Amino acid sequence: MRGWRRPVLRMGLLLTALVGAGAPEAGAAAKTLVVGLVAEPTSMDPGQLTDINSMRVLSSVYDTLVRFKEGSFTQEPGLATAWKMSPDGLTYTFTLRKNVKFHDGTPFDADAVKFTYDRLLDPKHPQAETGPFPFASFYYGAIKEVTVVDPGTVRFTLKQPFSPLLNNLTLNTGRIVSPAAVKKYGKEFASHPVGTGPFKFVSWDKNVRIVLEANAGYWAGPPKLERIVFRPLVEEQTRVTELLSGGVDFIVDVPPDNVAQVRKDAKLVYYEQPGPHIWWVTLNTEKKPFNDVRVRARSTTR
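Residues numbered from 1 in each chain as written. Predicted model: local features only at pLDDT ≥ 70, side-chain atom pairs only at ≥ 80, totals over all residues. Heavy atoms only, no water.

Student: Would you mind going over the overall build of the protein chain with me for this structure?
Tutor: A count of helices and strands for the protein chain gives eight helices and 13 strands. Evaluated residue by residue, the protein chain yields a buried proportion of 48% over its 302 residues. Split by element, the accessible area of the protein chain, about 15500 Å² in all, is 54% carbon and sulfur. (Helix = DSSP H or I, 4+ residues; strand = E, 2+ residues; numbered from the N terminus. Buried < 20%, exposed > 50% of the residue type's maximum accessible area, 1.4 Å probe, protein only. Areas by Shrake-Rupley, 256 points an atom, 1.4 Å probe, with all protein chains shown as cover.)

Student: How should I be thinking about the sheet that holds strand β8 (residues 153–158) in this particular structure?
Tutor: Strands belonging to one sheet form pairs held by backbone hydrogen bonds; the direction of such a pair is parallel or antiparallel. Here we have four strands laid out as an open sheet, ordered β5-β6-β8-β7, and antiparallel in their pairing. The sheet is open, and its two edges are formed by β5 (80–85) and β7 (143–150), each paired on a single side. Going from strand to strand, the sheet's axes swing by 20 degrees on average, the running direction of each strand aside. Direction of pairing for β5 relative to strand β6 (residues 91–96): antiparallel, over a ladder of five bridges. Within β6, the residue paired with A80 across the bridge is L96. On top of the sheet, helix α2 (residues 110–121) reaches β6, β7 and β8; it is set at about 165 degrees to β7, its chief contact. (Pairing = 2+ DSSP bridges. Axes fitted to C-alpha atoms, helices over the stretch in contact; angles between N-to-C directions. Contact = heavy atoms within 4.5 Å.)

Student: Looking at this model, I keep getting lost on the pattern of salt bridges. Mind explaining?
Tutor: Two side chains of opposite charge can pair, provided their charged atoms sit close to one another. Scanning the model with the defined rule gives seven salt bridges in all. Here D118 and K114 are joined by a salt bridge, their closest N and O atoms 2.9 Å apart. Placement of both D118 and K114 in helix α2 is noted, with a separation of four residues, approximately one turn of the helix. Taking relative accessible area as the criterion, D118 reaches 18% and is therefore assigned buried. One salt bridge connects D265 with K267, and the closest N-O pair in it is separated by 3.3 Å. (Salt bridge = Lys/Arg side-chain N within 4 Å of Asp/Glu carboxyl O.)

Student: Looking at this structure, how should I read the environment of G36?
Tutor: Locating G36 in the fold gives a position in strand β2 (residues 32–37). With 211 residues separating them in the primary sequence, G36 and G247 have C-alpha atoms 8.9 Å apart. When near neighbours in sequence (up to four residues on either side) are disregarded, G36 contacts R231, L233, R239, V248, F250, I251 and V252.

Student: I tried to follow the side chain of H103 on my own but got confused; where do I start?
Tutor: Among the structural elements, H103 can be located in the loop between β6 and α2. Overall, H103 belongs to the buried group, its relative accessible area being 17%. Within the local environment of H103, its side chain forms a polar contact with the backbone oxygen of G197, the two atoms lying 2.9 Å apart. Every residue in contact with H103, bar those within four places of it in the chain, is listed here: V61, V194, G195, T196, G197, F199, K200 and N215. (Polar contact = N/O pair within 3.5 Å; in protein donor to acceptor, adjacent residues only side chain to side chain.)

Student: How should the packing of aromatic side chains be read in this particular structure?
Tutor: The relative placement of two aromatic rings is captured by the distance of their centres and the angle of their planes. In total, this model carries 10 aromatic pairs according to the counting rule given. Measuring from centroid to centroid gives 6.3 Å for F102 and F108, while their planes differ by 75 degrees, and the two rings are edge-to-face. With centroids separated by 5.4 Å and ring planes inclined at 65 degrees, the aromatic side chains of F138 and Y139 adopt a geometry described as edge-to-face. For Y139, a relative accessible area of 19% gives the class buried. One aromatic cluster in this structure is built from W83, F94, Y117, F135, F138, Y139, Y140 and F156. Across from the ring centre of W204, 4.3 Å away, lies the NZ or CZ of K206, which sits over that ring. (Phe/Tyr/Trp six-rings, centres within 6.5 Å; stacked < 30°, edge-to-face > 60°. Lys NZ or Arg CZ within 6 Å of the ring centre and 35° of its normal.)

Student: Even after reading the chapter, I still don't get α2, so can you show me in this structure?
Tutor: An α-helix turns once every 3.6 residues. As a result, residues three or four positions apart point the same way. For α2, built from 12 residues, the straight-helix expectation of 16 Å at 1.5 Å per residue is met to within 8% by its first-to-last C-alpha distance of 17 Å. Taking burial as the measure, the 12 residues of α2 include nine buried ones, the bulk of the element. Among the residues of α2, A110, A112, V113, F115, T116, Y117, D118, R119 and L120 are the ones counted as buried. Elements that come into contact with the buried residues of α2 comprise β6, α3 (136–140), β7, β8 and α5 (179–185). (Expected span 1.5 Å × (residues − 1).)

Student: Got a minute to help me understand unusual backbone geometry in this structure?
Tutor: A negative phi angle characterises most non-glycine residues, just as the trans form characterises most peptide bonds. In this structure, the amide linkage connecting G131 to the following residue, P132, adopts the cis form with an omega of 15 degrees. Here P132 shows up in the loop between α2 and α3. Here the amide bond leading from K288 into P289 is cis, since omega sits at 0 degrees, within 30 degrees of zero. By the secondary structure assignment, P289 is in the loop between β13 (268–274) and α8 (293–301). The backbone of N99 shows a phi angle near 60 degrees, a positive value even though the residue is not glycine. In this fold, N99 is placed in the loop between β6 and α2. The class of N99 is exposed, set by a relative accessible area of 81%. Backbone geometry at N207 places phi at a positive 65 degrees, although glycine is not the residue there. Structurally, N207 is set in the loop between β9 (199–205) and β10 (209–214).

Here it is in structure tokens:
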């Protein structure tokens, strides 16, 4: 469930003190966590992701080569156990974690890494039509070539030095997919995700629920939970009502009008975390004063 706690501009998180206690749906199993999302996810294909709800689900299904340590921006190994950058900044060589398998039983290796990024970046790739991949070129467009050195080693060659590369490899778009599953499902892979993460995809009943089950063979150890159920609850008051009644164990984006109410509820724990970043800043460069590059440079460095 890494990724849920990554900092955002403002997010309230609620978790019942006793998971599933007295819940109509959440009480089905003591080790089942039912999560109330703010909307229906759009895709289970990490390359297609543009919305937070999908990311909250897929952070449990897939892994990245590099990730951040919990609660910090210090990089740590993910599916890559080590990496080296060449002195000129144009080559990154990754040593991959051994004996990792995708949920479909196929091996994770350098070929899978190459497949993942080639699919995102090469419009002539055999599985390029499984897109679109709207953020791929923005995050990874500096990559010239991904080369398989051997099954446990992969090399990224860049067009020019690109300092954000390692940070960008932690993002949802770059999560490593099963080549066999993409080839099997084609465009339908967006509804049949297969990764190496701590939870396996079970089912997606559109606009009702998404069910994941624990990956007992996860490389970092089996999850403490046996199952996660995600329910899209679009209406704010519905999410709060479901939480208070025990229909869900955990919700995100607590409505401002309900913050005081849930803070006072002894059955709930409220978490609030400020974020370190700005979501978006866009400038229309065709209109004054932003058609002047000097204004744009000053605006973005203040």
